[in-house]
Amino acid sequence: MAGILKKLSTLFALSMIVALCAAAALAQNPKRPAPKPTTQQKGNVQKGDLDRDRDMDRDRDQDMDKDRDQDRDRDRLSRPMTAQEKDAMERQMMQSRDHVLAAGYRQNMLNFAMNLRLRLEKSGAVDRGLARMAVKEIKRNFQEMEKRHKNHKKEMGAETRERMSYMIREMDERQERIRNTIRVLENDAAASSPDGRQMLMHVRQLEEQIRSMEEARQQKNIGGSVSVTGGTAYVNLAIF
């Protein structure tokens, strides 16, 4: 029992020594109060507040301008176009560089299709070498035409794409029909014994599909007429 009391006394003495040392350290390094801001510092704080308020006001004004512009664009897009606006936008769209180049590729397709059709109508038999080369050129020009249309759509503004979506959708549908017909013609030309009647039917179908695109162009009064005389295609592109 005496040993335990001795240990407790020792621990108590040590704790008192630690407490006294801590009190002495605090007495030597008293906590200093924070310095009061100077007049200049107060002015800088006020200036910073004013700058922050000004920035917030500017951001708020910009947001209001943006919302107003979006509302205006939404109203303009929701309003149906007049016939004059529609005609002007279609003309502008069809007179673009890519559209003009696409028209040239389309004319090449029509020339090859007509010449192949005339040859089939005249002989009744299929010249496999001629048919394959003609279909190959039709496909190549179609792919180039597609590239020009895709590039044209990419370069359009968002508003133009929105307002001309009906025309873009119509063009995409026409191209899809032509793509399918070319695929069928490729199979016809690749057959070991091509069927002349079947190929002639598909070539006529392709020619009609290409002409329907040409007629849509002519309706805008920007050229692109085709006439056939004596088995030769004469192409007149007034827009060039």
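## Observations regarding the overall build of the chain
Line of reasoning, step 1. Each helix and strand counted, the chain has eight helices and two strands in total.
Line of reasoning, step 2. Each helix and strand of the chain, ordered N terminal to C terminal, gives the series α-α-α-α-α-α-α-α-β-β.
Line of reasoning, step 3. When each of the 240 residues of the chain is scored for burial, the buried share is 27%.
Line of reasoning, step 4. Considering only residue pairs separated by 6 or more positions, the chain has 74% of its internal contacts joining residues 24 or more positions apart.
Line of reasoning, step 5. Accessible area of the chain: about 16600 Å², with a carbon and sulfur share of 53%.

## What to know about the nonpolar core
Line of reasoning, step 1. Judged by nonpolar contacts, the single largest core of 25 residues is most densely connected at Met109, Leu116, Leu120, Ile178, Ile182, Met199 and Leu206.
Line of reasoning, step 2. Breaking this core down by element, the ones donating at least two residues are α4 (97-123), α5 (128-155), α7 (165-190) and α8 (196-218).
Line of reasoning, step 3. In terms of residue count, α4 provides more of this core than any other element does, seven residues in total.
Line of reasoning, step 4. Every residue in contact with Leu206, bar those within four places of it in the chain, is listed here: Ala113, Ile138, Ile178, Thr181, Ile182 and Leu185.

## Comments concerning the packing of α4 against α5
Line of reasoning, step 1. Relative orientation of the contacting elements α4 and α5 amounts to 160°, with a least axis distance of 8 Å. Between α4 and α5, the angle is such that the two are roughly antiparallel. In the packing of α4 onto α5, the handedness of the crossing is left-handed.
Line of reasoning, step 2. By residue class, the composition of the contact of α4 with α5 is 14 nonpolar, six polar and eight charged.

## A word on α4
Line of reasoning, step 1. In this model α4 runs 40 Å from its N-terminal to its C-terminal C-alpha over 27 residues, within 8% of the 39 Å that 1.5 Å per residue would give.
Line of reasoning, step 2. Gly124 sits one or two residues past α4 and shows a positive phi near 80°.

## Side note on the packing of α5 against α7
The description of two packed helices rests on the angle between their axes and on the distance between the axes.
Line of reasoning, step 1. Interaxial distance between α5 and α7 falls to 10 Å at its minimum, and their mutual angle equals 160°. Looking at the two axes, α5 sits roughly antiparallel to α7. Helix-helix and strand crossings are classified by hand; for α5 and α7 the assignment is left-handed. Facing α5, whose interface residues are Ala131, Arg132, Val135, Ile138, Lys139, Phe142, Met145, Glu146, His149 and Lys153, α7 presents Ile168, Met171, Asp172, Gln175, Ile178, Arg179, Ile182, Leu185, Glu186, Ala189 and Ala190.

## What about the pattern of salt bridges?
Pairing of side chains with opposite charge becomes possible as their charged atoms draw close.
Line of reasoning, step 1. Inspection of every chain in the model, using the stated rule, returns 13 salt bridges.
Line of reasoning, step 2. Between Glu186 and Lys139 there is a salt bridge whose closest N-O contact spans 3.1 Å. Linking Glu186 in helix α7 with Lys139 in helix α5, this pair joins segments that are 47 residues apart in sequence.
Line of reasoning, step 3. In this structure Glu186 comes out as partly exposed when scored by relative accessible area, which is 30%.
Line of reasoning, step 4. For Asp172, the salt bridge is made with Lys153, and the minimal N-O distance between the two is 3.2 Å. Of the two residues, Asp172 sits in helix α7 while Lys153 sits in helix α5, which places them 19 residues apart along the sequence.
Line of reasoning, step 5. Each of Arg117, Glu121, Arg204, Glu207 and Arg211 takes part in a single network of salt bridges with overlapping partners.

Rules and cut-offs
- Residues numbered from 1 in each chain as written.
- Predicted model: local features only at pLDDT ≥ 70, side-chain atom pairs only at ≥ 80, totals over all residues.
- Heavy atoms only, no water.
- Helix = DSSP H or I, 4+ residues; strand = E, 2+ residues; numbered from the N terminus.
- Buried < 20%, exposed > 50% of the residue type's maximum accessible area, 1.4 Å probe, protein only.
- Contact = heavy atoms within 4.5 Å.
- Areas by Shrake-Rupley, 256 points an atom, 1.4 Å probe, with all protein chains shown as cover.
- Core = buried A, V, L, I, M, F, W, Y, C linked by side-chain atoms within 4.5 Å.
- Axes fitted to C-alpha atoms, helices over the stretch in contact; angles between N-to-C directions.
- Parallel < 35°, antiparallel > 145°, perpendicular 65-115°, else oblique.
- Left-handed = near helix turned anticlockwise from the far one by under 90°.
- Nonpolar A, V, L, I, M, F, W, Y, C, P; charged D, E, K, R; others polar.
- Expected span 1.5 Å × (residues − 1).
- Salt bridge = Lys/Arg side-chain N within 4 Å of Asp/Glu carboxyl O.

Just distances and angles here, no functional claims.
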